[in-house]
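# Examining the three-dimensional arrangement
Chain residues, written in single-letter form:
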Amino acid sequence: QVQLVESGGGQVQAGGSLRLSCAASGRTFSNYAMGWFRQAPGKEREFVGGISWSGGGTIYGNSVKGRFTISRDNAKNTVYLQMNNLKPADTAVYYCAATIEYGTYNMVPQAYVYWGQGTQVTVSS
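Criteria and thresholds
- Residue indices follow the written sequence of each chain, beginning from 1 at its first position.
- Predicted model: local features are reported for residues with pLDDT of at least 70 only, side-chain atom pairs are reported and counted for 80 or more only, and whole-chain, interface and lining totals are derived from all residues.
- Side-chain metrics rest on all non-hydrogen atoms present in the structure, leaving aside hydrogens and water.
- Think of it this way: any DSSP run of H or I at least four residues long counts as a helix, any run of E at least two long counts as a strand, and we number them from the N terminus.
- The term nonpolar core refers to a set of buried residues drawn from Ala, Val, Leu, Ile, Met, Phe, Trp, Tyr and Cys, joined through side-chain atoms within 4.5 Å.
- Using a 1.4 Å probe on the protein chains alone, a residue whose accessible area is under 20% of its type maximum counts as buried, one over 50% counts as exposed, and one in between counts as partly exposed.
- The salt bridge definition used is simple: a Lys or Arg side-chain nitrogen within 4 Å of an Asp or Glu carboxyl oxygen.
- DSSP bridges decide pairing: two strands pair if at least two such bridges lie between them.
- Here the axes come from fitting lines to C-alpha atoms, over the contacting stretch only for helices, and the angles between their N-to-C directions go from 0 to 180 degrees.
- Two N or O atoms count as a polar contact when they lie within 3.5 Å, although within protein this holds only if one can serve as hydrogen donor and the other as acceptor, and sequence-adjacent residues are included solely when both atoms are side-chain atoms.
- We call two residues contacting when some pair of their heavy atoms lies within 4.5 Å.

Of note, the phi angle at Asn77 is positive, near 55°, even though the residue is not glycine. Relative to the helices and strands, Asn77 is located in the loop between strand 7 (68–73) and strand 8 (78–83). With phi around 65°, Tyr102 is a residue other than glycine that occupies positive phi space. As for its position among the elements, Tyr102 is in the loop between strand 9 (92–99) and strand 10 (112–115).

Written out as structure tokens, the structure reads:
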């Protein structure tokens, strides 16, 4: 079992930045590929970014490419999402997620089996 706790959400003006953190516990963190998703009211859960076990591989959703960066620190059991040049359309609850052990990071929510409780990000114009 892997427990995930997100932090770092909040309210920011358009053009601003936030860094989300997701602290993991329970199993060997470096064995799990990680992902970030978001969900706005009335919309489906959207893939934001994914990162491999080592951090050497990353993938991003089209709407955030060039603005968001996912990274991880396996020594701290934490994955990060640096969000720059934020837009009102980025307003959502952001979730981190972990795949099965030794799984592959990808864009499909069904590939992730462990989820955090989410953190709210609100971007005002």
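Past the structure itself, the notes keep going.
On to the nonpolar core. Within the largest apolar cluster, 29 residues are counted, with the highest numbers of intra-cluster contacts made by Leu4, Met34, Trp36, Leu81, Met83 and Tyr94. Mapped by element, the contributors of at least two residues to this core are strand 3 (18–25), strand 4 (34–39), strand 5 (46–51), strand 7, strand 8, strand 9 and strand 11 (119–124).

Okay, the pattern of salt bridges next. Evaluated as defined, the whole model comprises four salt bridges. Close ionic contact of Glu101 with Arg27 constitutes a salt bridge, the shortest N to O distance being 3.6 Å. A residue pair is termed long-range when its members are at least 10 positions apart, and Glu101 in the loop between strand 9 and strand 10 and Arg27 in the loop between strand 3 and strand 4 qualify at 74 residues. Here Arg27 falls in the partly exposed class, since its relative accessible area comes to 41%.

The strands that make up a sheet pair up through hydrogen bonds in the backbone, lying either parallel or antiparallel. Read from one edge of the open sheet, four strands run 1-3-8-7, paired in antiparallel fashion. If you trace the sheet from one side to the other, it starts and ends with strand 1 (3–7) and strand 7, each paired once. If you compare each strand with its neighbour and ignore which way they point, the axes differ by 15° on average.

This brings us to the side chain of Asn31. Tracing the backbone through its elements, the reader meets Asn31 in the loop between strand 3 and strand 4. Within the local environment of Asn31, its side chain forms a polar contact with the side chain of Glu101, the two groups lying 2.8 Å apart. In contact with Asn31, other than residues within four places in its own chain, are Trp53, Ile100, Glu101, Tyr102 and Gly103.

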